[in-house]
Amino acid sequence: GAGVSQSPSNKVTEKGKDVELRCDPISGHTALYWYRQSLGQGLEFLIYFQGNSAPDKSGLPSDRFSAERTGGSVSTLTIQRTQQEDSAVYLCASSSHGQGVREAFFGQGTRLTVV
Amino acid sequence: SQQGEEDPQALSIQEGENATMNCSYKTSINNLQWYRQNSGRGLVHLILIRSNEREKHSGRLRVTLDTSKKSSSLLITASRAADTASYFCATTQGGKLIFGQGTELSVKP
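A few points on the structure. (Residues numbered from 1 in each chain as written. Chains lettered and ligands numbered in written order. Predicted model: local features only at pLDDT ≥ 70, side-chain atom pairs only at ≥ 80, totals over all residues. Heavy atoms only, no water.)

Some points on the state of the cysteines
Point 1. Here the structure, examined in full by the defined rule, presents two disulfides over all chains.
Point 2. Disulfide partner of A:C23: A:C92, at an S-S distance of 1.8 Å. Torsion about the S-S bond of the A:C23 and A:C92 cystine: about -65°, corresponding to left-handed handedness. Here A:C23, found in strand β3 (residues 19-24), pairs with A:C92, found in strand β9 (residues 88-95); they are 69 residues apart in sequence, far enough to count as distant.
Point 3. Taking relative accessible area as the criterion, A:C23 reaches 0% and is therefore assigned buried.
Point 4. Each sulfur of the disulfide joining B:C23 and B:C89 lies 2.0 Å from the other. (Disulfide = S-S within 2.5 Å. Helix = DSSP H or I, 4+ residues; strand = E, 2+ residues; numbered from the N terminus. Buried < 20%, exposed > 50% of the residue type's maximum accessible area, 1.4 Å probe, protein only.)

Next comes the structure, spelled out in structure tokens:
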């Protein structure tokens, strides 16, 4: 596609349920990033993919969070047993260069609300 | 902790004035980037400055980099109401792109 696509754009879920967030990067981009942003805050790094592998998972807040990327393209971020503190905007970005020398292109994010 | 820290956290100016935002970082970098975010959604890349560059211009934007002080500044000249947004600096570290906390700029008409 022309840009990074994220779905859904908004998700309201009940506490304790699992959610799956999807990111479709720009075709050909090898690097893919997930971030979390709480209201009025900066971007919290979650995980980074280079191709299908994740060299750095250090930002995942807990073992309830996991992410995968298949075919060097689409990525899904899964949050199990959601908690209210998981409420935030989840942003995905892709870049054509794995070392981050090139600019990153962002999707519009998924706003997750846990009630 | 975040690699980049912006200063000030919030800035309010009148249309036509210049806006300066600063970013400090902690470790060695290959490059530093500035992004803009409207309405809490996707970020848009503004400019990238490499570690061997000291200054870069793009339209009304001027970015400086001082690697000895581990700091960068973003200057927006002749600001417009449409420049109202949050501005973030970002550095790369081992492939990770790490963002600061951002400066919230408000330009009043």
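Concerning unusual backbone geometry
Point 1. The linkage connecting A:S7 with the following residue, A:P8, adopts the cis geometry, with an omega of -10°.
Point 2. Tracing the backbone through its elements, the reader meets A:P8 in the loop between β1 (5-7) and β2 (10-13).
Point 3. In this structure, B:P8 follows B:D7 across a cis peptide bond, with omega equal to 0°.
Point 4. Tracing the sequence through the fold places B:P8 in the loop between β1 (4-7) and β2 (10-14).

Here we look at the pairing of strand β10 (residues 96-99) of chain B
Residue and element names in this part refer to chain B.
Point 1. Residues of β10 alternate between two faces, with K96 and I98 on one and L97 and F99 on the opposite face, all of them buried.
Point 2. In this structure, strand β9 (residues 85-93) lies alongside β10, joined through four bridges in antiparallel fashion. Considered in β10, the bridge of Q93 is made with K96.
Point 3. The turn linking β9 back onto β10 is made up of two residues, and G94 within it adopts a positive phi angle of 60°. (Pairing = 2+ DSSP bridges.)

Examining the nonpolar core
Point 1. Core analysis: the biggest nonpolar cluster contains 20 residues, and B:M21, B:L32, B:W34, B:L74, B:I76, B:Y87 and B:L105 have the highest contact counts within it.
Point 2. Among the elements of the structure, β3 (19-25), β4 (31-37), β5 (43-50), β7 (61-66), β8 (71-76), β9 and β11 (103-108) of chain B are those that each provide at least two residues to this core.
Point 3. Per element, the largest residue contribution to this core is four residues, and it comes from β3(B).
Point 4. In contact with B:I76, other than residues within four places in its own chain, are B:E17, B:N18, B:A19, B:M21, B:R60, B:L61, B:D83, B:Y87 and B:L105.
Point 5. Formed by 19 residues, the second largest nonpolar core is a distinct cluster that contains A:L21, A:L46, A:L60 and A:Y90. (Core = buried A, V, L, I, M, F, W, Y, C linked by side-chain atoms within 4.5 Å. Contact = heavy atoms within 4.5 Å.)

Thoughts on the sheet that holds strand β7 (residues 65-69) of chain A
All names here are of chain A.
Point 1. With antiparallel pairing, the four strands of this open sheet are ordered in space as β1-β3-β8-β7. Two strands lie at the open edges of the sheet, namely β1 and β7, each paired on one side alone. Averaged over all pairs of adjacent strands, the angle between their axes in this sheet comes to 15°, without regard to strand direction.
Point 2. Bridge count between β1 and β3: three bridges; the pairing is antiparallel. When the bridges of β3 are listed, Q6 appears paired with C23. (Axes fitted to C-alpha atoms, helices over the stretch in contact; angles between N-to-C directions.)

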